[in-house]
Amino acid sequence: MTQFSGIQPTGLTHLGNYLGAIRQWAARHHRDDLFCVVDLHAMTIRHNPNVLRARAREQLAMLIAAGVNPDIACVFTQSDLIQEHAALTWVLECVVSYGELARMTQFKDKAKGQDGVRAGLFTYPVLMAADILLHGAEEVPVGEDQRQHLELARTLAKRFNATYGEVLTVPRAVTPRVAARVADLAAPERKMSKSSGDQSGTVLVLDPPELIRRKIMRAVTDQVGEVRYAPESQPGVSNLLDILAACTNGEPRALAEQISGYAELKERTAEAVIEELRPVREGVRELLADPAELDQLRAHGAERARAGCAHRLEAVLKVTGLR
Ligand code: AQP
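Residues numbered from 1 in each chain as written. Predicted model: local features only at pLDDT ≥ 70, side-chain atom pairs only at ≥ 80, totals over all residues. Heavy atoms only, no water.

1. Observations concerning the overall build of the protein
Stage number 1. Along its length, the protein carries twelve helices and five strands.
Stage number 2. In terms of principal-axis extent, the alpha carbons of the protein reach across some 65 × 45 × 40 Å.
Stage number 3. Burial statistics for the protein: of 323 residues in total, 53% are counted as buried.
Stage number 4. Relative to all contacts within the protein whose residues are 6 or more apart in sequence, the contacts with residues 24 or more apart total 76%.
Stage number 5. When the accessible surface of the protein is split by element, carbon and sulfur atoms take 51% of a total near 14700 Å². (Helix = DSSP H or I, 4+ residues; strand = E, 2+ residues; numbered from the N terminus. Buried < 20%, exposed > 50% of the residue type's maximum accessible area, 1.4 Å probe, protein only. Contact = heavy atoms within 4.5 Å. Areas by Shrake-Rupley, 256 points an atom, 1.4 Å probe, with all protein chains shown as cover.)

2. Examining helix α1 (residues 15-27)
Side chains that are three or four residues apart share a direction in an α-helix, a result of its 3.6 residues per turn.
Stage number 1. Along α1, the helix axis deviates most sharply at Ala 21, where the bend reaches about 35°.
Stage number 2. In terms of residue burial, α1 counts as a mostly covered element, since eleven of its 13 residues are buried. (Bend = angle between axes of the 7 residues up to and from the residue.)

3. Considerations on the pairing of strand β1 (residues 4-7)
Stage number 1. Where β1 meets strand β2 (residues 34-37), four bridges bridge the pair, whose relative direction is parallel. By the bridge assignment for β2, Phe 4 is matched with Leu 34.
Stage number 2. Read as a crossover between parallel neighbours, the route from β1 over α1 to β2 is right-handed. (Pairing = 2+ DSSP bridges. Right-handed = clockwise from strand over helix to strand, strands pointing away.)

4. Brief notes about the site of the ligand
Stage number 1. Surveying the vicinity of the ligand reveals 24 residues, the closest of which are Lys 110, Asp 145, Lys 191, Lys 194 and Ser 195.
Stage number 2. Gly 143 places a polar main-chain atom, nitrogen or oxygen, 2.8 Å from an oxygen atom of the ligand.
Stage number 3. For the ligand, the protein covers 98% of the area, taking 630 Å² as the surface of the free molecule.
Stage number 4. Sorting elements by how many residues they give to the shell around the ligand places α1 first, with four residues. (Near = heavy atom within 4 Å. Polar contact = N/O pair within 3.5 Å; in protein donor to acceptor, adjacent residues only side chain to side chain.)

5. Considering the environment of Gly 67
Stage number 1. Mapping Gly 67 onto the fold places it in the loop between α2 (49-65) and β3 (74-77).
Stage number 2. When the C-alpha atoms of Gly 67 and Asp 33 are compared, they prove to be 14 Å apart, with 34 residues separating the residues in sequence.
Stage number 3. Apart from residues lying up to four places away in sequence, Gly 67 is in contact with Ala 26 and His 29.

6. Structural notes on the pattern of salt bridges
Stage number 1. Scanning all chains against the criterion turns up 19 salt bridges.
Stage number 2. Here Arg 177 and Glu 251 are joined by a salt bridge, their closest N and O atoms 2.7 Å apart. One end of the pair, Arg 177, is in the loop between β5 (172-174) and α8 (209-217); the other, Glu 251, is in the loop between α9 (235-248) and α10 (252-258), with 74 residues separating them in the sequence.
Stage number 3. Residue Arg 177 is classed as exposed on the basis of its relative accessible area, which comes to 52%.
Stage number 4. On the basis of relative accessibility, which here comes to 44%, the residue Glu 251 falls in the partly exposed class.
Stage number 5. Put simply, Arg 323 and Glu 314 hold a salt bridge, and the shortest N to O gap is 3.1 Å. (Salt bridge = Lys/Arg side-chain N within 4 Å of Asp/Glu carboxyl O.)

7. Here we look at the packing of α2 against helix α12 (residues 291-319)
Stage number 1. Between α2 and α12, the shortest axis-to-axis distance is 11 Å and the interhelical angle comes to 80°. Classified by the interaxial angle, the pair formed by α2 and α12 is roughly perpendicular. Taking contact as the criterion, the partners of Arg 57, Leu 60, Ala 61 and Ile 64 in α2 are, on α12, Pro 291, Leu 294, Asp 295, Leu 297 and Arg 298. (Axes fitted to C-alpha atoms, helices over the stretch in contact; angles between N-to-C directions. Parallel < 35°, antiparallel > 145°, perpendicular 65-115°, else oblique.)

8. Section: the layout of surface pockets
Stage number 1. Approximately 270 Å³ is the volume attributed to the second largest pocket.
Stage number 2. Considering the residues around the second largest pocket, the lining is formed by 14 residues, among which Arg 23, Gln 24, Ala 27, Pro 176 and Arg 177 are closest to the centre.
Stage number 3. With four residues, the single largest contributor to the lining of the second largest pocket is α1.
Stage number 4. The residue makeup of the lining of the second largest pocket, split by class, is eight nonpolar, three polar and three charged. (1 Å grid on protein atoms, 1.4 Å probe; cavity = no way out; pocket = protein on both sides within 12 Å on 5 of 7 lines; lining within 4 Å. Points joined across faces, edges and corners; volume = space filled by probe spheres on them. Nonpolar A, V, L, I, M, F, W, Y, C, P; charged D, E, K, R; others polar.)

9. Notes on the nonpolar core
Stage number 1. If you look at the biggest cluster of nonpolar residues, it comprises 54 residues, and the most contacted ones within it are Leu 19, Leu 63 and Val 273.
Stage number 2. If you list the elements that add at least two residues to this core, you get α1, β2, α2, α8, α9, α10, α11 (262-288) and α12.
Stage number 3. Here this core takes ten residues from α11, the largest share from any one element.
Stage number 4. Each of two domains, domain 1 (4-179 + 290-319) and domain 2 (199-284), supplies a minimum of three residues to this core.
Stage number 5. One finds Ala 130, Val 167, Ala 305 and Leu 317 within the second-largest nonpolar core, a separate group that totals 44 residues. (Core = buried A, V, L, I, M, F, W, Y, C linked by side-chain atoms within 4.5 Å. Domains from an automatic or database assignment.)

10. With respect to α9
Stage number 1. Its 14 residues place the ends of α9 20 Å apart at the C-alpha level, agreeing with the 20 Å of an ideal helix rising 1.5 Å per residue.
Stage number 2. Turning to α9, its buried residues are Gly 236, Val 237, Ser 238, Asn 239, Leu 240, Leu 241, Asp 242, Ile 243, Leu 244, Ala 245, Ala 246 and Cys 247.
Stage number 3. Among the structural elements, α1, α8, α10 and α11 are those in contact with the buried residues of α9.
Stage number 4. Of the residues trailing α9, Asn 249 is marked for its positive phi of about 60°. (Expected span 1.5 Å × (residues − 1).)

See the structure below:
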(Lines give C-alpha, C1' and ligand atoms only; values in the text may rest on other atoms or scores of the structure.)
Protein backbone atom coordinates (compact mmCIF):
# COMPACT_ATOMS: atom_id res chain seq x y z
CA MET A 1 0.00 0.00 0.00
CA THR A 2 2.05 2.98 -1.23
CA GLN A 3 1.43 6.31 0.51
CA PHE A 4 2.33 9.72 -0.88
CA SER A 5 1.83 13.15 0.61
CA GLY A 6 3.39 16.60 0.55
CA ILE A 7 3.57 19.95 2.27
CA GLN A 8 3.98 23.36 0.67
CA PRO A 9 6.69 25.76 1.85
CA THR A 10 4.28 28.68 1.40
CA GLY A 11 4.78 29.85 4.98
CA LEU A 12 5.76 28.61 8.40
CA THR A 13 4.50 25.13 9.30
CA HIS A 14 1.68 25.22 11.83
CA LEU A 15 -0.01 22.88 14.28
CA GLY A 16 -2.74 22.07 11.72
CA ASN A 17 -0.15 20.83 9.20
CA TYR A 18 1.51 18.85 11.95
CA LEU A 19 -1.57 17.18 13.48
CA GLY A 20 -3.55 16.89 10.24
CA ALA A 21 -0.73 15.53 8.11
CA ILE A 22 2.92 15.25 9.23
CA ARG A 23 2.20 13.32 12.43
CA GLN A 24 0.18 10.73 10.51
CA TRP A 25 3.06 10.29 8.08
CA ALA A 26 5.49 9.78 10.94
CA ALA A 27 3.22 7.36 12.79
CA ARG A 28 2.62 5.01 9.89
CA HIS A 29 5.03 4.69 7.01
CA HIS A 30 6.45 1.76 5.20
CA ARG A 31 9.29 1.08 2.82
CA ASP A 32 9.06 3.23 -0.34
CA ASP A 33 6.20 5.45 0.85
CA LEU A 34 6.91 8.99 -0.32
CA PHE A 35 6.75 12.29 1.60
CA CYS A 36 7.96 15.49 0.07
CA VAL A 37 8.20 19.23 0.32
CA VAL A 38 6.18 20.48 -2.65
CA ASP A 39 8.18 23.60 -3.46
CA LEU A 40 6.75 23.91 -7.00
CA HIS A 41 3.36 24.54 -5.38
CA ALA A 42 4.77 27.44 -3.38
CA MET A 43 5.41 29.36 -6.64
CA THR A 44 1.68 29.67 -7.30
CA ILE A 45 1.63 32.76 -5.10
CA ARG A 46 4.11 35.64 -4.96
CA HIS A 47 7.30 34.38 -3.33
CA ASN A 48 10.82 35.39 -2.44
CA PRO A 49 13.33 32.87 -3.89
CA ASN A 50 15.67 32.93 -0.88
CA VAL A 51 12.81 32.52 1.57
CA LEU A 52 11.36 29.66 -0.49
CA ARG A 53 14.73 27.86 -0.51
CA ALA A 54 15.16 28.28 3.26
CA ARG A 55 11.61 27.20 4.10
CA ALA A 56 11.81 24.15 1.88
CA ARG A 57 14.96 23.08 3.73
CA GLU A 58 13.39 23.69 7.09
CA GLN A 59 10.32 21.64 6.15
CA LEU A 60 12.45 18.76 4.93
CA ALA A 61 14.24 18.80 8.29
CA MET A 62 10.86 18.96 10.03
CA LEU A 63 9.51 15.84 8.31
CA ILE A 64 12.57 13.91 9.46
CA ALA A 65 12.57 15.44 12.97
CA ALA A 66 8.87 14.57 13.32
CA GLY A 67 9.71 10.93 12.76
CA VAL A 68 9.48 10.16 9.03
CA ASN A 69 12.47 7.82 8.71
CA PRO A 70 14.42 8.62 5.51
CA ASP A 71 15.92 5.12 5.51
CA ILE A 72 12.42 3.67 5.19
CA ALA A 73 10.32 6.22 3.26
CA CYS A 74 11.56 8.41 0.40
CA VAL A 75 11.84 11.94 1.83
CA PHE A 76 12.62 14.49 -0.87
CA THR A 77 11.92 17.88 -2.38
CA GLN A 78 9.51 17.95 -5.34
CA SER A 79 11.74 20.13 -7.56
CA ASP A 80 14.45 17.44 -7.40
CA LEU A 81 12.12 15.56 -9.77
CA ILE A 82 10.93 18.64 -11.68
CA GLN A 83 11.13 16.96 -15.08
CA GLU A 84 9.05 13.98 -14.02
CA HIS A 85 6.42 16.01 -12.11
CA ALA A 86 6.16 18.67 -14.83
CA ALA A 87 5.87 16.05 -17.60
CA LEU A 88 2.92 14.27 -15.98
CA THR A 89 1.31 17.60 -15.09
CA TRP A 90 1.20 18.56 -18.77
CA VAL A 91 -0.32 15.24 -19.77
CA LEU A 92 -2.99 15.61 -17.06
CA GLU A 93 -3.69 19.22 -18.05
CA CYS A 94 -4.79 17.67 -21.31
CA VAL A 95 -7.12 15.33 -19.39
CA VAL A 96 -8.74 17.80 -16.97
CA SER A 97 -11.37 20.31 -18.12
CA TYR A 98 -11.34 24.05 -17.50
CA GLY A 99 -14.69 23.76 -15.69
CA GLU A 100 -13.34 21.18 -13.24
CA LEU A 101 -10.53 23.51 -12.21
CA ALA A 102 -12.85 26.52 -11.99
CA ARG A 103 -14.93 24.63 -9.39
CA MET A 104 -12.04 24.20 -6.92
CA THR A 105 -13.02 26.07 -3.77
CA GLN A 106 -9.42 26.63 -2.64
CA PHE A 107 -8.69 28.48 -5.90
CA LYS A 108 -11.80 30.61 -5.48
CA ASP A 109 -10.83 31.46 -1.88
CA LYS A 110 -7.21 32.26 -2.65
CA ALA A 111 -7.91 34.21 -5.86
CA LYS A 112 -10.73 36.30 -4.38
CA GLY A 113 -9.91 40.02 -4.48
CA GLN A 114 -6.33 39.41 -5.75
CA ASP A 115 -4.75 41.13 -8.75
CA GLY A 116 -2.49 39.24 -11.14
CA VAL A 117 -3.56 35.76 -10.01
CA ARG A 118 -1.01 33.31 -11.42
CA ALA A 119 -2.22 30.67 -13.87
CA GLY A 120 -0.26 28.21 -11.71
CA LEU A 121 -2.68 28.82 -8.84
CA PHE A 122 -5.52 27.78 -11.15
CA THR A 123 -3.79 24.65 -12.43
CA TYR A 124 -2.13 23.68 -9.13
CA PRO A 125 -4.63 20.85 -8.40
CA VAL A 126 -3.34 19.18 -11.58
CA LEU A 127 0.24 19.40 -10.32
CA MET A 128 -0.99 17.86 -7.07
CA ALA A 129 -2.73 15.06 -8.98
CA ALA A 130 0.48 14.48 -10.95
CA ASP A 131 2.50 14.27 -7.69
CA ILE A 132 0.22 11.54 -6.40
CA LEU A 133 -0.30 9.60 -9.64
CA LEU A 134 3.36 9.72 -10.73
CA HIS A 135 4.34 7.70 -7.69
CA GLY A 136 1.48 5.21 -7.89
CA ALA A 137 0.11 6.17 -4.47
CA GLU A 138 -2.83 4.16 -3.18
CA GLU A 139 -3.27 6.24 -0.02
CA VAL A 140 -2.81 9.97 0.49
CA PRO A 141 -2.78 11.00 4.16
CA VAL A 142 -4.01 14.62 4.26
CA GLY A 143 -6.08 17.06 6.30
CA GLU A 144 -9.76 17.59 5.50
CA ASP A 145 -9.07 20.73 3.39
CA GLN A 146 -7.45 18.64 0.63
CA ARG A 147 -10.43 16.33 0.01
CA GLN A 148 -11.69 18.16 -3.08
CA HIS A 149 -8.24 18.07 -4.70
CA LEU A 150 -7.97 14.37 -3.91
CA GLU A 151 -11.33 13.75 -5.60
CA LEU A 152 -9.99 15.49 -8.70
CA ALA A 153 -6.88 13.27 -8.68
CA ARG A 154 -9.17 10.22 -8.53
CA THR A 155 -11.30 11.52 -11.40
CA LEU A 156 -8.24 12.20 -13.57
CA ALA A 157 -6.73 8.77 -12.90
CA LYS A 158 -9.99 7.05 -13.87
CA ARG A 159 -10.47 9.20 -16.97
CA PHE A 160 -6.87 8.69 -18.08
CA ASN A 161 -7.18 4.92 -17.66
CA ALA A 162 -10.50 4.80 -19.51
CA THR A 163 -9.06 6.83 -22.40
CA TYR A 164 -5.58 5.35 -22.78
CA GLY A 165 -5.44 2.09 -20.81
CA GLU A 166 -4.84 1.06 -17.20
CA VAL A 167 -1.64 2.80 -16.21
CA LEU A 168 -2.50 4.97 -13.19
CA THR A 169 -3.47 3.83 -9.68
CA VAL A 170 -6.66 5.43 -8.32
CA PRO A 171 -5.71 6.89 -4.91
CA ARG A 172 -7.83 7.51 -1.82
CA ALA A 173 -7.60 10.17 0.90
CA VAL A 174 -6.88 9.12 4.48
CA THR A 175 -7.70 11.70 7.16
CA PRO A 176 -6.81 11.46 10.86
CA ARG A 177 -9.35 10.34 13.50
CA VAL A 178 -9.14 13.70 15.29
CA ALA A 179 -7.70 17.09 14.26
CA ALA A 180 -8.32 16.61 10.54
CA ARG A 181 -9.21 20.30 10.45
CA VAL A 182 -7.51 22.31 13.18
CA ALA A 183 -9.17 25.72 13.48
CA ASP A 184 -7.51 29.10 13.99
CA LEU A 185 -7.39 29.76 17.75
CA ALA A 186 -8.40 33.39 17.33
CA ALA A 187 -11.15 32.72 14.75
CA PRO A 188 -12.38 29.13 15.17
CA GLU A 189 -14.77 29.40 12.21
CA ARG A 190 -11.77 29.24 9.83
CA LYS A 191 -8.98 26.68 9.54
CA MET A 192 -5.53 27.34 10.90
CA SER A 193 -3.53 28.45 7.89
CA LYS A 194 0.00 29.41 6.84
CA SER A 195 -1.21 32.32 4.78
CA SER A 196 -3.79 33.93 7.08
CA GLY A 197 -2.69 37.51 7.69
CA ASP A 198 -3.18 37.48 11.48
CA GLN A 199 -0.89 34.90 13.11
CA SER A 200 -2.17 35.30 16.69
CA GLY A 201 -4.36 32.19 16.38
CA THR A 202 -1.73 30.10 14.56
CA VAL A 203 0.60 27.92 16.62
CA LEU A 204 3.80 27.31 14.66
CA VAL A 205 5.68 24.06 15.10
CA LEU A 206 8.86 26.03 15.80
CA ASP A 207 7.28 28.55 18.20
CA PRO A 208 9.07 28.65 21.58
CA PRO A 209 7.06 27.11 24.49
CA GLU A 210 6.17 30.44 26.08
CA LEU A 211 4.67 31.74 22.83
CA ILE A 212 2.69 28.52 22.35
CA ARG A 213 1.31 28.87 25.87
CA ARG A 214 0.37 32.52 25.29
CA LYS A 215 -1.43 31.79 22.02
CA ILE A 216 -3.41 28.90 23.54
CA MET A 217 -4.29 30.78 26.75
CA ARG A 218 -5.73 33.56 24.54
CA ALA A 219 -7.75 31.19 22.34
CA VAL A 220 -11.30 32.36 21.63
CA THR A 221 -13.92 30.26 23.44
CA ASP A 222 -17.56 31.30 24.08
CA GLN A 223 -20.08 32.48 26.69
CA VAL A 224 -21.55 29.01 27.39
CA GLY A 225 -19.13 28.39 30.24
CA GLU A 226 -19.32 24.59 29.96
CA VAL A 227 -16.66 22.28 28.50
CA ARG A 228 -18.56 20.26 25.89
CA TYR A 229 -17.54 18.73 22.58
CA ALA A 230 -19.98 20.48 20.22
CA PRO A 231 -18.16 21.60 17.05
CA GLU A 232 -21.23 23.40 15.65
CA SER A 233 -22.28 25.42 18.70
CA GLN A 234 -18.92 25.62 20.58
CA PRO A 235 -16.25 25.62 17.84
CA GLY A 236 -13.48 27.23 19.92
CA VAL A 237 -13.82 24.84 22.88
CA SER A 238 -14.21 21.84 20.56
CA ASN A 239 -11.09 22.84 18.64
CA LEU A 240 -9.07 22.87 21.88
CA LEU A 241 -10.52 19.45 22.80
CA ASP A 242 -9.53 18.13 19.37
CA ILE A 243 -5.98 19.43 19.77
CA LEU A 244 -5.70 18.03 23.31
CA ALA A 245 -7.09 14.67 22.16
CA ALA A 246 -4.67 14.50 19.24
CA CYS A 247 -1.66 15.28 21.45
CA THR A 248 -2.62 12.85 24.24
CA ASN A 249 -4.10 10.11 22.09
CA GLY A 250 -7.47 10.67 23.78
CA GLU A 251 -11.11 11.17 22.82
CA PRO A 252 -12.46 14.75 22.70
CA ARG A 253 -15.81 13.79 24.29
CA ALA A 254 -14.22 11.79 27.11
CA LEU A 255 -11.77 14.63 27.82
CA ALA A 256 -14.63 17.16 27.98
CA GLU A 257 -16.16 15.17 30.85
CA GLN A 258 -12.91 15.25 32.84
CA ILE A 259 -12.27 19.00 32.52
CA SER A 260 -14.15 21.47 34.69
CA GLY A 261 -13.49 24.88 33.10
CA TYR A 262 -11.99 26.79 30.17
CA ALA A 263 -8.83 27.78 32.09
CA GLU A 264 -8.05 24.13 32.85
CA LEU A 265 -8.78 23.15 29.25
CA LYS A 266 -6.37 25.78 27.95
CA GLU A 267 -3.64 24.91 30.46
CA ARG A 268 -3.81 21.20 29.66
CA THR A 269 -3.88 21.86 25.93
CA ALA A 270 -0.90 24.23 26.11
CA GLU A 271 1.13 21.70 28.11
CA ALA A 272 0.27 18.85 25.73
CA VAL A 273 1.15 20.87 22.60
CA ILE A 274 4.44 22.10 24.10
CA GLU A 275 5.48 18.54 24.95
CA GLU A 276 4.36 17.21 21.55
CA LEU A 277 6.34 19.81 19.61
CA ARG A 278 9.47 20.00 21.81
CA PRO A 279 11.37 17.07 20.23
CA VAL A 280 10.42 18.22 16.73
CA ARG A 281 11.80 21.70 17.37
CA GLU A 282 15.03 20.28 18.79
CA GLY A 283 15.39 17.79 15.93
CA VAL A 284 14.95 20.52 13.30
CA ARG A 285 17.63 22.62 14.98
CA GLU A 286 20.08 19.69 14.93
CA LEU A 287 19.40 18.78 11.31
CA LEU A 288 19.75 22.36 10.08
CA ALA A 289 23.07 22.59 11.89
CA ASP A 290 24.44 19.84 9.61
CA PRO A 291 23.69 20.97 6.02
CA ALA A 292 25.82 18.27 4.38
CA GLU A 293 23.88 15.50 6.14
CA LEU A 294 20.53 17.05 5.17
CA ASP A 295 21.67 17.41 1.53
CA GLN A 296 22.72 13.79 1.50
CA LEU A 297 19.37 12.58 2.91
CA ARG A 298 17.50 14.72 0.38
CA ALA A 299 19.56 13.44 -2.57
CA HIS A 300 19.11 9.83 -1.46
CA GLY A 301 15.32 10.28 -1.15
CA ALA A 302 15.09 11.92 -4.59
CA GLU A 303 17.14 9.19 -6.23
CA ARG A 304 14.89 6.46 -4.83
CA ALA A 305 11.74 8.38 -5.79
CA ARG A 306 13.02 8.90 -9.36
CA ALA A 307 13.90 5.25 -9.77
CA GLY A 308 10.47 4.24 -8.45
CA CYS A 309 8.43 6.36 -10.88
CA ALA A 310 10.44 6.05 -14.11
CA HIS A 311 8.56 3.05 -15.51
CA ARG A 312 5.16 4.65 -14.80
CA LEU A 313 6.04 7.91 -16.58
CA GLU A 314 7.43 5.94 -19.50
CA ALA A 315 4.14 3.99 -19.74
CA VAL A 316 2.14 7.26 -19.68
CA LEU A 317 4.25 8.70 -22.53
CA LYS A 318 3.86 5.50 -24.50
CA VAL A 319 0.09 5.08 -24.24
CA THR A 320 -0.55 8.76 -25.01
CA GLY A 321 1.47 8.53 -28.23
CA LEU A 322 4.47 10.54 -27.13
CA ARG A 323 6.84 7.58 -27.41
N1 AQP B 1 -5.83 23.56 9.66
C2 AQP B 1 -5.47 22.34 9.28
N3 AQP B 1 -5.86 21.25 9.98
C4 AQP B 1 -5.49 19.99 9.62
N5 AQP B 1 -4.70 19.75 8.54
C6 AQP B 1 -4.29 20.80 7.81
N7 AQP B 1 -3.51 20.90 6.72
C8 AQP B 1 -3.39 22.20 6.36
N9 AQP B 1 -4.08 22.98 7.20
C10 AQP B 1 -4.65 22.14 8.12
C11 AQP B 1 -2.90 19.75 6.06
O12 AQP B 1 -1.48 19.96 6.05
C13 AQP B 1 -0.94 19.33 4.88
C14 AQP B 1 -0.01 20.26 4.18
O15 AQP B 1 -0.74 21.41 3.82
P16 AQP B 1 -0.31 22.28 2.57
O17 AQP B 1 1.10 22.66 2.73
O18 AQP B 1 -0.71 21.58 1.34
O19 AQP B 1 -1.16 23.59 2.75
P20 AQP B 1 -2.71 23.86 2.70
O21 AQP B 1 -3.51 22.61 2.85
O22 AQP B 1 -3.01 24.71 1.52
O23 AQP B 1 -2.98 24.72 4.01
P24 AQP B 1 -2.04 25.71 4.77
O25 AQP B 1 -0.95 24.98 5.50
O26 AQP B 1 -2.87 26.54 5.65
O27 AQP B 1 -1.32 26.59 3.68
P28 AQP B 1 -1.87 27.81 2.84
O29 AQP B 1 -2.23 28.91 3.81
O30 AQP B 1 -0.69 28.16 1.97
O31 AQP B 1 -3.06 27.34 2.08
C32 AQP B 1 -2.12 18.92 4.01
O33 AQP B 1 -2.33 17.52 4.13
C34 AQP B 1 -3.28 19.67 4.59
O35 AQP B 1 -4.50 18.97 4.44
